[in-house]
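Residues per chain, in single letters:
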Amino acid sequence: MGEVKVIGASLSSFCCRIEWALKLKGVEYEYIKEDLRNKSPILLQYNPVHKKIPVLVHNGKPVAESLVILEYIDETWQENPLLPKDPLEKSTARFWARFVDEKCIVSAWDACRAEEHEKERAVESAQESLGMIDKLIEGKKFFGGETIGFLDLVVGSLPNWLKFLEELGGIKLVDAEKFPSFHEWSKKFVEIPIIKEKIPMPDDLINYFTTSGLAKTIRGSALANNK
Amino acid sequence: MAKEVVLLDFWPSMFGMRVRIALAEKGIKYEYKEEDLKNKSPLLLEMNPINKQIPVLIHNGKPVCESLIIVQYIDEVWNDKSPLLPSDPYQRAQARFWADFVDKKVYGASRKVGSTTGEEQEAGKKEFFEILKTLEVELGDKPYFGGETFGYVDLSFITFYSWFHAYEVLGNINIGAECPKIIAWAKRCLQKESVAKSLPDQKKVYEFAAQMRKRFVSE
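Caption draft 1: Here's a closer look at the nonpolar core. Within the largest apolar cluster, 146 residues are counted, with the highest numbers of intra-cluster contacts made by Phe157 and Phe164 of chain B. Top element by residues in this core is helix H4 (residues 87–113) of chain A. It accounts for 13 residues. Apart from residues lying up to four places away in sequence, Phe164 of chain B is in contact with Phe128, Leu132, Phe157, Ile175, Ile182, Ile183 and Gln202 of chain B.

Caption draft 2: Just the packing of helix H1 (residues 14–25) of chain B against helix H3 (residues 67–77) of chain B, in detail. All names here are of chain B. Where H1 meets H3, the axes come as close as 9 Å, and the angle between the chain directions of the two elements is 10°. On the basis of their axis angle, the class for H1 and H3 is roughly parallel. In contact with Phe15, Arg18, Val19, Ala22 and Leu23 of H1, H3 contributes Ser67, Leu68, Ile70, Val71 and Ile74. Residue classes in the contact of H1 with H3 are distributed as eight nonpolar, one polar and one charged.

Caption draft 3: Geometry of a positive patch on the surface. A contiguous patch of positive charge, built from Lys39, Lys51 and Lys52 of chain A together with Lys105 of chain B, is present on the exposed surface. Within the fold, Lys52 of chain A resides in the loop between helix H2 (41–46) and strand S3 (55–58).

Caption draft 4: Spotlight on the interface of chain A and chain B. The partner chain B presents 26 residues to the 24 residues of chain A that form the contact. Carbon and sulfur atoms supply 65% of the area that chain A and chain B bury against each other, a total of about 2,200 Å² over both sides. Taken as a group, Leu88, Phe95 and Arg98 of chain A account for 24% of the area that chain A buries against chain B, more than any other trio of residues on that side. Seen at the junction of chain A and chain B, the total is seven salt bridges. Between Asp103 of chain B and Arg98 of chain A there is a salt bridge whose closest N-O contact spans 3.2 Å. Elements that contribute at least two residues to the side of chain A that touches chain B include exactly strand S4 (61–64), helix H3 (66–76) and H4 of chain A.

Reading guide: rules and limits
- Residues numbered from 1 in each chain as written.
- Chains lettered and ligands numbered in written order.
- Predicted model: local features only at pLDDT ≥ 70, side-chain atom pairs only at ≥ 80, totals over all residues.
- Heavy atoms only, no water.
- Core = buried A, V, L, I, M, F, W, Y, C linked by side-chain atoms within 4.5 Å.
- Buried < 20%, exposed > 50% of the residue type's maximum accessible area, 1.4 Å probe, protein only.
- Helix = DSSP H or I, 4+ residues; strand = E, 2+ residues; numbered from the N terminus.
- Contact = heavy atoms within 4.5 Å.
- Axes fitted to C-alpha atoms, helices over the stretch in contact; angles between N-to-C directions.
- Parallel < 35°, antiparallel > 145°, perpendicular 65-115°, else oblique.
- Nonpolar A, V, L, I, M, F, W, Y, C, P; charged D, E, K, R; others polar.
- Patch = residues over 30% accessible without salt bridge, like charges linked within 9 Å, V, L, I, M, F, W, Y side chains within 5 Å.
- Areas by Shrake-Rupley, 256 points an atom, 1.4 Å probe, with all protein chains shown as cover.
- Salt bridge = Lys/Arg side-chain N within 4 Å of Asp/Glu carboxyl O.
- Lys, Arg positive; Asp, Glu negative; His and termini not counted.
- Charge placed at Lys NZ, Arg CZ, Asp CG, Glu CD.
- Buried area = accessible area lost by both parts, 1.4 Å probe.

Geometry only, nothing functional implied.
Pasting the structure below:
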């Protein structure tokens, strides 16, 4: 059904969502690796507004923003539907996807970057958001039900990113006791072959941030302070 | 029956206005409930316990939250008339992208224009105009962002127009001079009944905004 390209970066939690979705639907694509410190003309051409990855290019036409791309993929390739058909269930999935992006990820970064005197409150705030995700997955195999769906892909690499942010910021965000359902889900999710093939690993993230010097730019970074 | 559809809202909210327009476009009868955000009702806290924010659409007792999610829900459930999103997946993706752009960019910048002073406000004004100019380029020569007809992106952005007078006075800016195409587009949208009846009076919004500004800024 046409030529598909993904412009992405291997450690991006937003990009892997797209690759997982395409693999789940059996869609062949060309992966174009982007160096975010030196953005290519092709990225700037296909996403002039935000200049960010991921970008999906289908028959030469670009789609940007991971949640928008996921819905486009779901509507274009019908195999293994990601979103529920029922409008109310779909709205709920969309709500939680926004929550993950706007609350969980942001608050985890804030906790990582917080100055000493703000750290405790920032960690509490991040854990409050994670607690809601834990509650959401309680009693379920996957967010999508028996098989993975839209929300599983969105939450996706969060556990690995959290491990990385914990080390970067010298904080504790998750543990199996506090968030048992989230912990169980993440163990199952990461074992799925197409997920395992392409998921940012905490060690790779730490490596990237320390070798690129980015760790030093993170205020309150335990890693930066130890260098 | 109006009781089947309830909207928890706050009159100056540009997010609530989006839902009002969508409901009007589809000709849906509903019960409007005004929330006092300083004293949130038990119903709001029950229906949106996560964010505790308006708008919330309650359909047959079940809540839908987040304005753009609500608008898409309305479009999908009442799909027999006045489609808000395009039917083509690629056009739909573009519409979602631009509505997301409005969400991510316009509100933040406009807050800085209306609620800050000094350097922060100047930076906010610059950002605000950059964003509006990006939207002007996207609009191009089309009558609406949706093309020939009013659609999802128009709906997501037109609600900010009710705040333009407030931004102009509080920010000492002239939006019409900088972005005439946006003003022309807004006036075109306001000719639609669904939009005109869903947006509050600009002077009322200014009075509200001026009061809000006093809380954030001590001058």
